[in-house]
Amino acid sequence: MRSRINWFGVAGGAGLIALVAVSVFVPWWQLRVGDSVVAANVSPIYTNFDLIGNSFTVPLVFAINLSCILLSVAGGVVMLLYSVMPTKPYAKRLLGFSYRTPLLFIIVFVIGLFVLTFLIQALFSFSVPIVGSTVIQLPQYMMPEGMNVSVQLSADFLWPFYLAVASAVLCIVARVYHGRLTPLSSPAVVSAPSASTVVPPA
Amino acid sequence: MQVLGLVLILLNVGAIVGPIAGVVVVYHNNLEEIVVPPEVKQIVGETIETLTLSSPNDSGNLPDDGSSSNVNLQLPQYVSASFDPVARTVTALFSFINPFNVSLAINSLSSDVRCHAHDFLLGNSALSNSVEIASMQTADLTVVFTYSEAAQQHFQSEHAGETVVNVDLTNIAVNISGITLETPETYNVDIPISL
């Protein structure tokens, strides 16, 4: 007997909720200056900055993070609800609401990183790596006269980013698998109106 | 079904608009703080703008109460030196204050050493070992100055009978926790040239 639970959806939904929990503590992407004297800990869920032993957040970014937390939790819960009743009439609407959430986060996040590094390059004339490390020379106008400052920058995607990718993949697979679950119920749904179909007289 | 769709749309809109509207309401008196929070201004005021390498002859200004106000990253302060004629080295001891709330690693420190009176290049100096300095603490840095044979002849010809020579440390480069600072400042010290 075929299961009426979309297990991919269960895993994707649970992964999405777990992602929110872990992303509060571990960022998706981290940029370190020197030996972490300055660091940017970035994720759609929680973004903060460390500056020589002081940590701070930007209120606007915090608001966006809060939006992402609410959307993620809602997406995860709705995906779980869908997954345990994938053949209900409203299941597809639940699935449509939730399966795109992690994918959209990843796309917007990665595009955002590229835009950010492009902006830094354009504004400050030095490049920030998205992955890997590089040594940059700070522009002279940022420094006291005659002083040269070169800084090692290193950046990496951390494991919650890959958890987000896994969740997104599971949610998409859940969407694809939904097509294989629904034919079980479709005959009943489709046959009901056909039985009562009245052919109008010619 | 339509009610469910409406609820999901409202959930989306509320999750996006709610937090942003909340932040705008909280910071409506000073919208600039939405992007540049007061903590950043404070940190910049206390740290970045005072991140000027002060004169080595200035006295250290680590606050007595251990707070981070008026922090000032200074070049290492010269303490003492010892002379080894066989190895042609002068081992100098410097103290360095870490005025920040984070531990720092002095990975390297190097400079050229020139005779102050004659602007003669005597050799170069380098940090013997990297040093980790805890927040608000002072640590000793051991810097070894290796002078050349030409420098030895310079001492014999130009500084005969002197026990100390006034030298300038130039082209100073310090690597602090992965950040390399090259300063145009000259560091003037007396070093022993006899036992």
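Residues numbered from 1 in each chain as written. Chains lettered and ligands numbered in written order. Predicted model: local features only at pLDDT ≥ 70, side-chain atom pairs only at ≥ 80, totals over all residues. Heavy atoms only, no water.

### Regarding the overall build of chain A
And then number 1: The helix and strand tally for chain A stands at 6 helices and 6 strands.
And then number 2: Walking chain A from its N terminus toward its C terminus, one meets helices and strands in the order α-β-β-β-β-α-α-α-β-β-α-α.
And then number 3: Looking at the 202 residues of chain A, the share that counts as buried comes to 43%.
And then number 4: Across chain A, the fraction of contacts at a sequence separation of at least 24, relative to all contacts at a separation of at least 6, is 58%. (Helix = DSSP H or I, 4+ residues; strand = E, 2+ residues; numbered from the N terminus. Buried < 20%, exposed > 50% of the residue type's maximum accessible area, 1.4 Å probe, protein only. Contact = heavy atoms within 4.5 Å.)

### Focus: the overall build of chain B
And then number 1: When helices and strands are counted, chain B shows 3 helices and 9 strands.
And then number 2: In sequence order, chain B lays out its α and β elements as α-α-β-β-β-β-β-β-α-β-β-β.
And then number 3: Considering chain B as a whole, with its 195 residues, one finds that 39% of them fall into the buried category.
And then number 4: Surface summary for chain B: the accessible area is close to 10,000 Å², and the carbon and sulfur share equals 55%. (Areas by Shrake-Rupley, 256 points an atom, 1.4 Å probe, with all protein chains shown as cover.)

### Points about the state of the cysteines
All names here are of chain A.
And then number 1: Per the stated rule, a full pass over the model turns up 0 disulfides over all chains.
And then number 2: Cysteine Cys68 shares no disulfide, and the gap to the nearest cysteine sulfur, in Cys171, comes to 15 Å.
And then number 3: Since its relative accessible area comes to 11%, Cys68 is described here as buried.
And then number 4: On the basis of relative accessibility, which here comes to 0%, the residue Cys171 falls in the buried class. (Disulfide = S-S within 2.5 Å.)

### What to know about the interface of chain A and chain B
And then number 1: Taken together, the 35 residues of chain A in the interface contact 36 residues of chain B.
And then number 2: Across the interface of chain A and chain B, roughly 3,000 Å² is buried in total on both sides, 74% from carbon and sulfur atoms.
And then number 3: Interface area lost by chain A to chain B is led by Ile52, Pro59 and Arg93 of chain A, which between them contribute 19%.
And then number 4: Inspection of the chain A/chain B interface yields 0 salt bridges.
And then number 5: The interface formed by chain A and chain B contains 7 residue pairs in polar contact (both at pLDDT 80 or more).
And then number 6: When contributions to the side of chain A that touches chain B are tallied by element, the ones reaching two or more residues are strand E4 (54-56), helix H2 (59-84), helix H3 (91-98) and strand E6 (148-157) of chain A. (Buried area = accessible area lost by both parts, 1.4 Å probe. Salt bridge = Lys/Arg side-chain N within 4 Å of Asp/Glu carboxyl O. Polar contact = N/O pair within 3.5 Å; in protein donor to acceptor, adjacent residues only side chain to side chain.)

### Focus: the pairing of strand E2 (residues 38-42) of chain A
All names here are of chain A.
And then number 1: When you tally the buried positions in E2, you get 4 out of 5 residues, the bulk of the element.
And then number 2: Of the pairings in the sheet, the one linking strand E1 (residues 29-33) to E2 comprises 5 bridges and is antiparallel in character. The partner of Gln30 across the bridge, within E2, is Asn41.
And then number 3: The turn joining E1 and E2, which pair antiparallel and follow one another in sequence, is formed by 4 residues; a positive phi near 60° is taken by Gly34.
And then number 4: In this structure, E2 lies alongside strand E3 (residues 48-51), joined through 4 bridges in antiparallel fashion. Across the sheet, residue Ala39 finds its bridge partner in E3, namely Asp50.
And then number 5: In textbook terms, the turn of a hairpin is the stretch between consecutive antiparallel strands, and for E2 and E3 this stretch comprises 5 residues. (Pairing = 2+ DSSP bridges.)

### What about H3 of chain A?
And then number 1: Every buried residue of H3 of chain A is accounted for by Ala91, Leu94, Leu95, Phe97 and Ser98 of chain A. Mapping the buried residues of H3 of chain A onto a view down its axis gives an arc of 160°, with all of them on the same face.
And then number 2: In this structure, the buried side of H3 of chain A is in contact with H2, helix H4 (101-124) and helix H5 (159-181) of chain A together with helix H1 (2-26) of chain B. (Arc of directions from axis to C-beta.)

### Here's the deal with the domain arrangement of chain B
And then number 1: Its domain assignment divides chain B into domain 1 (2-32) and domain 2 (71-192).
And then number 2: A separation of 59 Å is found between the C-alpha centroids of domain 1 of chain B and domain 2 of chain B. (Domains from an automatic or database assignment.)

### Description of the pattern of salt bridges
Residues and elements named next belong to chain A.
And then number 1: One pass over the full model with this rule turns up 2 salt bridges over all chains.
And then number 2: Across the pair Arg32 and Asp156 runs a salt bridge whose closest N-O atoms are separated by 4.0 Å. One end of the pair, Arg32, is in strand E1; the other, Asp156, is in strand E6, with 124 residues separating them in the sequence.
And then number 3: Judged by relative accessible area, which is 19%, Arg32 ranks as buried.

### Re the side chain of His178 of chain A
And then number 1: With respect to the helices, strands and loops of the structure, His178 of chain A is situated in helix H5.
And then number 2: Apart from the residues lying within four places of it in its own chain, the contact partners of His178 of chain A are Asn6, Tyr82, Pro86, Ala91, Lys92 and Leu95 of chain A.

### Regarding a nonpolar patch on the surface
Residue and element names in this part refer to chain A.
And then number 1: A contiguous nonpolar patch, built from Leu103, Ile107, Ile111, Val115, Phe118, Leu119, Leu123, Phe124, Tyr141, Met142, Ile172 and Val176 and spanning about 1,100 Å² of accessible area, is present on the exposed surface.
And then number 2: The leading source of residues in the nonpolar patch is H4, at 8 residues.
And then number 3: Within the secondary structure, Phe118 is located in helix H4. (Patch = residues over 30% accessible without salt bridge, like charges linked within 9 Å, V, L, I, M, F, W, Y side chains within 5 Å.)

### As for the packing of aromatic side chains
All names here are of chain A.
And then number 1: Tallying each qualifying case throughout the model produces 13 aromatic pairs over all chains.
And then number 2: Ring geometry for Trp28 against Phe109: centres 5.1 Å apart, planes inclined by 70°, an arrangement best described as edge-to-face. With Trp28 in the loop between helix H1 (7-23) and E1 and Phe109 in helix H4, this pair connects stretches of sequence that are 81 residues apart. As far as the burial class goes, Trp28 and Phe109 line up, both buried.
And then number 3: Feature note: the residues Trp28, Phe109, Phe157, Phe161 and Tyr162 constitute an aromatic cluster, connected by ring pairs.
And then number 4: Of note, Arg175 hangs over the ring of Tyr99, and the distance from its end group to the ring centre comes to 6.0 Å. (Phe/Tyr/Trp six-rings, centres within 6.5 Å; stacked < 30°, edge-to-face > 60°. Lys NZ or Arg CZ within 6 Å of the ring centre and 35° of its normal.)

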